[in-house]
Amino acid sequence: MSKLSKHYLSLTFLIMLIAWGICLLCSFSGTSLNDNKWLYVPYLLGGWSPTIASYLSLRHNHKVAGIREWLKNIFDLKHPVFSYGMVALMAVLFILPQCLISGYESGAPVFAIFVMVPMMLAMGGLEEAGWRYILQPELEKRYSFTVSTIIVSMIWWLWHLPLFYIQGVGQYGQNYLAFGINVFGLSFALAGIRKNTGSLWLCVLFHCIVNSLSGIYIIHDNIWGNITTAILLGLCSYAWVKAQNKIKGMGKL
């Protein structure tokens with residue numbers, strides 16, 4: 001693992017452990033986020049740890065000159081319609097199988113997605129400033145696309161673990177294994193988007209859409225829905241990357 005990756009991961013987990021550690025201690029003592037609104041400060045700080053660590057590690061390692069360049073690299077909006085279409089397709093592959101296999105309850109109305117997607121920039125989307133800006137490309141310098149994506153998915157899954165024990169957050173009490181299967185599929189989808197388009201913005205957008213859809217369709221517990229979704233996302237990502245590699249005459253997956 002490169003120096004940049006190690007620095008990034010160290011900062012990410014340090015910030016997360018301090019911030020979410022405070023929330024965990026309060027949760028174990030019987031105080032949830034609903035009881036004390038001030039706990040949202042460390043809760044949000046922990047959620048922003050991949051984003052904060054991204055800028056700090058890139059700046060420290062002289063990969064960006066300042067915050068303006070960092071933001072410009074993340075919000076690279078100009079891409080072909082086809083690339084945006086692939087993001088939409090993968091979003092459908094994420095939610096539709098789970099709705100059909102697992103069943104769902106209605107959360108927010110469907111049209112709320114236009115409000116929720118921008119909101120999700122601060123609620124998960126900008127994690128991509130780290131996972132897919134730094135970690136995925138850095139790992140691919142040493143490992144294959146497949147191995148790199150598996151490593152990222154395991155780290156990303158582990159990073160979420162404290163949330164399943166913090167009272168008052170969406171993940172509290174949910175099935176951590178089922179969530180991990182979703183993370184595995186989403187990791188391949190996001191790695192495919194990053195590799196094929198070179199875009200961080202499209203990764204951010206996909207993450208925001210997925211988080212929004214999860215608030216609109218409340219999926220029932222059924223691990224087969226998660227497995228089906230992960231397989232479909234993985235196959236779609238592989239097919240897209242393989243097609244691009246064939247066009248460019250690139251190497252193995």
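Rules behind the numbers
- Each chain has its residues counted from 1, running along the sequence as written.
- Residues qualify for local features only when their pLDDT is at least 70, as the model is predicted, and side-chain atom pairs are given and counted only at 80 or more; totals for whole chains, interfaces and linings, by contrast, use all residues.
- Heavy atoms from the whole structure form the basis of all side-chain values; hydrogens and water molecules are not counted.
- When the centres of two rings from Phe, Tyr and Trp lie within 6.5 Å, Trp using its six-membered ring, the rings pair. Their planes under 30 degrees apart give stacked, over 60 give edge-to-face, and anything left gives tilted.
- Numbering goes from the N terminus for both helices and strands, where a helix is a DSSP run of H or I of at least four residues and a strand is a run of E of at least two.
- Counting as a charge over the ring demands two things of the Lys NZ or Arg CZ atom: a distance within 6 Å of the ring centre and an angle within 35 degrees of the ring normal.
- Polar contacts, as used here, are pairs of N or O atoms within 3.5 Å; protein pairs need one atom able to donate a hydrogen and one able to accept it. Residues neighboring in sequence count only if both atoms are side-chain atoms.
- Note on definitions: a residue-residue contact is assigned when non-hydrogen atoms from the two residues lie within 4.5 Å.
- Any carboxyl oxygen of Asp or Glu that lies within 4 Å of a side-chain nitrogen of Lys or Arg is treated as forming a salt bridge with it.
- Categorising residues by exposure relies on relative accessible area from a 1.4 Å probe, with only protein chains included: less than 20% of the type maximum marks a residue as buried, more than 50% marks it as exposed, and the intermediate range marks it as partly exposed.

### Focus on the packing of aromatic side chains
And then number 1: According to the stated counting rule, one finds 15 aromatic pairs in the structure shown.
And then number 2: Consider the rings of Tyr 55 and Trp 70, whose centres lie 5.5 Å apart with planes at 65 degrees: the pair is edge-to-face. Of this pair, Tyr 55 sits in helix H3 (residues 49–60) while Trp 70 sits in helix H4 (residues 67–74); the two residues are 15 residues apart in sequence, bridging distant segments of the chain.
And then number 3: An aromatic cluster is present here, built from Tyr 8, Trp 20, Trp 131 and Trp 159 joined pairwise through their rings.
And then number 4: For Arg 132, the ring lying beneath its charged end belongs to Trp 156, and the centroid distance is 4.5 Å.

### Topic: the side chain of Glu 138
And then number 1: By the element assignment, Glu 138 lies in helix H7 (residues 128–140).
And then number 2: At 2.8 Å, the side chain of Glu 138 and the side chain of Lys 141 are in polar contact.
And then number 3: When residues no more than four places from it in sequence are discounted, the contact partners of Glu 138 are Ser 2, Leu 4 and Ser 5.

### Some remarks on the pattern of salt bridges
And then number 1: Summed over all chains, the structure comprises three salt bridges.
And then number 2: The salt bridge involving Glu 140 is made with Lys 195; its shortest N-O contact spans 2.9 Å. Pair noted here: Glu 140 is in helix H7 and Lys 195 is in helix H9 (residues 176–197), with a separation of 55 residues, a long-range link.
And then number 3: Using a relative accessible area of 23% as the deciding quantity, one classes Glu 140 as partly exposed.
And then number 4: Lys 195 sits in the partly exposed class, given a relative accessible area of 29%.

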